[in-house]
Amino acid sequence: MKTQRIIFSPVTRLSGLLSVEVTVEKNRVKEAYAGSTMFRGYEWIMRDRHVTDAVYMTQRVCGICSLAHGAVSSYLLDDLYDNDIPENAHYLRNIMFAADFLQNHIRHFYLFSLPDYVRMPDRPPFHEQDITDVRLVEKDNRLLVEHYFAAVKAAQRSHEILAVFGGKAPHQHSFVHGGAAVSPTADKVNRALALIDSINRFIKDCMIPDTALIARVYNDYFHIGITPRRLLSFGLFRFGAKNDRVLWKGGVLSDDKLDPPEVKLIETDVTRSWFEDANVNNLTGRQPEPAPYKPDAYTWVKSVLYGGRHFEVGPLARMIINRRYDGGTSTMDRICARSLETMLIGELLENWLTKLEPGPPPIKQKTSPVKSEAVAVTDSMRGALLHSALLNGERVVGYEIITPTEWNFSPKDRQGRRGPVENALVDTAIPRPKMLFTVLGRIIRSFDPCLSCATHIINVKS
Amino acid sequence: MTREKFAAVCRKLSSRDNHALTEKLLSAVKTHRAKHNTPKLSVVWIETNDSGDNNISFMNTTFPYLGRVFAEMIDLLYSNTFMAAQGTKALAVLERAAAMQYGPFTLVVEGAIPVKDDGLYCAVARTQDRYITAFEAVTRFGKLAEHVVAVGTCASFGGPSAARPNITGSVGLSKVLPRKIINVSGCPVNPDWFVGTLAHLLMYGRPELDRFNRPALFYGFTVHRHCQRRSYFDKKDFADKLGDIECMFSKGCMGPKTGADCPYRQWVDHVNWPVKANTPCIGCTNEDFPDGSSPFFTSLSVKSPEHE
Ligand code: SF4
């Protein structure tokens, strides 16, 4: 039987624009090419700006995880300016960060992922739903459709908590360097407590049982979309005067060995990306220019390697590294880990609200930088996120961002090795040709793709 | 509800009342649709180069929540974010819309349009043999649509996607589409501004626009005009630092030159806005955002002396 080349585009229900090319032979995916088709160039945009613009500017990299960029750039500025962060500020910051996580995970599971498994009502925007493998009984299906619309409210309420403290959402204003600019007054805390109470009830009464139901009915997906067990996390939720204490620790898991992540082991590769092949890997150097006509390239995402190998990042990596999940690395494991993490983060948020001391805005910004370069890392909703900056005074000379999507959607590197998503797709059995997009869509969406995040170029100091 | 009454609701500035605009919309739309036998507004939403923040902000709409907007106001035929269809089925929907099989539609564009290097910096989809660039998609559908709405500042004016040095040559929709475009700017758009505009289109057609082609209903006054901290400004009582309760002009506030109703509309079920969170407005609805607002924390009289 001959090899078929098939283009899966657009892969809808995600953030940004994604097209995936696969070759299929004997009902199996033989090769896969995941292509991001958008590029904006945020590293260029950041250059020559005042470095304190970074928090507001870089949130514009991504609409669904904007606060993550604001958080990591705040950590970066805290380091550059040598700020001391008060404890109350950490509670406020982590409450806001957690609220954006809940928003993201709830929207991803219900609005983006659910129509892969549930028959939606036959009206826009659900018409022409090409679902070729529906297994839920009518009653369960109806319930999950109802929960789709309940999730709309739960996610809106999550963003409402973020706005109560952050001014607005997406692209909040008060989580900045030096602390948080908002005063945690009793009325705000009470409003947030009422909101988190209803969100947590939704997570426990709907999201967790719904995940369990999907996992049970589609349990073959615990064996589909498996990645090599190489996982990486930069850790999540910081405390301590210098942002030095991390609640959920970071780690690099490979060959069953867990090590702390070292930024200097990260490198990038543009062999199959639309950038000129350039051998520059430092903050000051010239960055590879975009090369949209480059033959053989198929994506705006660069390949990111750690110690020369590809790593998967995201809730599953975070949960396994922190021993909160002990499953495998399949499509359904990714979905389950994300839902469980949602529950844990909802509980943390509620707890932090009770620890917050009502009072004046916990913020103290120092006025001049004590360093001219720094690297900051955190995990975001989709996994490991890195920002780094090189300054001349307070002016940005170089600014680099490596997003989780670049780890997971890495194209083939110079040795032709695949990144996590492509690895997850290759070798998948397609029972019937009509099922191709359904199966591919389920695998791809389990990574919670966000291509907006990846629309820039990266270049880490080696 | 008459068009005038609708405008009054949109413009209502009272702080005593519930600030929600959209709460009033649904019943108005319902009555209007029943009385005039009007179908829902058909919408084709094309996402180009932006961060996707506008579709997220749209999901934050309250009264009506997103589900009711889908059920009672719009038929969202094509949307990379929301549609259940995927791959070739999704593209087939787009082709059917182009063939007018769903009747007249409103085009919503979210994101800037890169025009350098044949527009290859953004492709909305790929077929077996080529990429469909954002430029190709919006110019094609822009000609066919009954109304064209640019949602967010990138689509309206270029925005962050076209910020200097703009190596992708990105521009706002009006630079590539020679027809009347309704710019619903903001980074992101406030859901009330967007849902309110859709409701206006559905019931009365195109709303009155300001000189930047934005619905005057929402962008007609400056942030500064209705800011709760205006009395501090008038007494020249300025904040020393972020977190202070005085006027944020000294910390870079763009309120004096930014058309938007944030001080009374506020965000995410109308709970807060940047100045209320003790930070400056950064002028995200403006034609020159973000370059005209940058450095964000430098006083307007320094970064843009003509506005002192
Ligand atoms: S905070 Fe901004 S909008 Fe408010 S009065 Fe001062 S300058 Fe005007």
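Residues numbered from 1 in each chain as written. Chains lettered and ligands numbered in written order. Predicted model: local features only at pLDDT ≥ 70, side-chain atom pairs only at ≥ 80, totals over all residues. Heavy atoms only, no water.

(A) Structural view of the sheet that holds strand S3 (residues 106–110) of chain B. All names here are of chain B. Pairing is parallel in the open sheet, where five strands are placed in the order S2-S1-S3-S7-S9. The open sheet has two edge strands with one neighbour each: strand S2 (74–79) and strand S9 (182–184). Strand after strand, the sheet turns through a mean of 25° between neighbouring axes, direction not considered. Where S3 lies against strand S7 (residues 147–151), five bridges are found, and the strand directions are parallel. If you follow Thr106 over to S7, its bridge partner there is His147. Contacts between helix H4 (residues 66–73) and the sheet are confined to strand S1 (41–47) and S2, with S2 contributing the most and set at about 105° to the helix. Together, S1, S3 and S7 form the strand contacts of helix H6 (residues 134–144), whose direction differs from that of S3 by roughly 155°. (Pairing = 2+ DSSP bridges. Helix = DSSP H or I, 4+ residues; strand = E, 2+ residues; numbered from the N terminus. Axes fitted to C-alpha atoms, helices over the stretch in contact; angles between N-to-C directions. Contact = heavy atoms within 4.5 Å.)

(B) Just the interface of chain B and chain A, in detail. Contact with chain B, which involves 79 residues of that partner, is made by 83 residues of chain A. Overall, the association of chain B and chain A removes approximately 7,000 Å² of surface from exposure, summing both partners, and the carbon and sulfur fraction of that is 59%. Scanning the region where chain B abuts chain A turns up four salt bridges. As a salt-bridge pair, Lys89 of chain B and Glu128 of chain A come within 3.8 Å of each other at their nearest N and O atoms. Listing elements by their share of the side of chain B that touches chain A, those giving two or more residues are helix H3 (53–59), H4, S2, helix H5 (88–98) and strand S5 (123–126) of chain B. Sorting elements by how many residues they give to the side of chain B that touches chain A places H5 of chain B first, with six residues. Of the residues that constitute the side of chain B that touches chain A, the class distribution is 45 nonpolar, 22 polar and twelve charged. (Buried area = accessible area lost by both parts, 1.4 Å probe. Salt bridge = Lys/Arg side-chain N within 4 Å of Asp/Glu carboxyl O. Nonpolar A, V, L, I, M, F, W, Y, C, P; charged D, E, K, R; others polar.)

(C) Examining unusual backbone geometry more closely. In this chain, Ala169 of chain A is followed by Pro170 of chain A through a cis amide linkage whose omega measures -5°. In the segment running from Phe63 of chain B into Pro64 of chain B, the intervening peptide bond is cis, with an omega of 5°. Along the polypeptide, Pro64 of chain B turns up in the loop between H3 and H4. Notably, Asn243 of chain A is not glycine yet its phi reads approximately 55°, a positive angle. Topologically, Asn243 of chain A is positioned in the loop between strand S7 (236–239) and strand S8 (245–248). Exposure remark for Asn243 of chain A: the relative accessible area of 6% places this residue in the buried category. Even without being glycine, Lys236 of chain B reaches a positive phi, approximately 55°. Exposure remark for Lys236 of chain B: the relative accessible area of 66% places this residue in the exposed category. (Buried < 20%, exposed > 50% of the residue type's maximum accessible area, 1.4 Å probe, protein only.)

(D) View of helix H6 (residues 186–217) of chain A. Between the first and last C-alpha of H6 of chain A there are 45 Å, a value that for 32 residues agrees with the 46 Å anticipated at 1.5 Å per step. Of all the bends in H6 of chain A, the greatest, near 35°, is centred on Ile203 of chain A. (Expected span 1.5 Å × (residues − 1). Bend = angle between axes of the 7 residues up to and from the residue.)

(E) Structural detail: the sheet that holds strand S2 (residues 18–25) of chain A. Residue and element names in this part refer to chain A. The strand order S1-S2-S3 describes an open sheet built from three strands, whose pairing is antiparallel. Every other strand in the sheet has two partners, leaving strand S1 (4–8) and strand S3 (28–36) as the edge strands with one partner each. The sheet shows a mean angle of 20° between the axes of neighbouring strands, direction not considered. In the sheet, S1 pairs with S2 via five bridges, with the strands oriented antiparallel. What sits directly across from Ile7, in S2, is Glu21. Strands S1, S2 and S3 of the sheet are contacted by helix H11 (residues 436–445), whose axis makes an angle of about 55° with S1.

(F) Broad picture of the pattern of salt bridges. Applying the stated criterion across every chain, the model contains 48 salt bridges over all chains. Between Glu25 of chain A and Lys30 of chain A there is a salt bridge, with its nearest N and O atoms 3.8 Å apart. In this structure, Arg230 of chain B and Asp234 of chain B form a salt bridge, with 3.1 Å as the shortest nitrogen-oxygen distance. Of this pair, Arg230 of chain B and Asp234 of chain B both sit in helix H11 (residues 230–234), separated by four residues, roughly a single helical turn. On the accessibility criterion, Asp234 of chain B (51% relative accessible area) is exposed. If you follow the salt bridges from partner to partner, you end up with Glu31, Lys412, Arg418 and Glu422 of chain A in one network.

(G) Local environment of the state of the cysteines. Going through the model one piece at a time under the given rule, you end up with zero disulfides over all chains. Cys284 of chain B supplies the cysteine sulfur nearest to Cys187 of chain B, a cysteine that is in no disulfide, at a spacing of 5.8 Å. (Disulfide = S-S within 2.5 Å.)

(H) Layout of the confidence of the model for chain B. Taken over all residues, the pLDDT of chain B has a mean of 93, while the share at 70 or more is 94%. Reported confidences for the modelled complex are a pTM of 0.95 and an ipTM of 0.95. (pLDDT = per-residue confidence, 0-100.)

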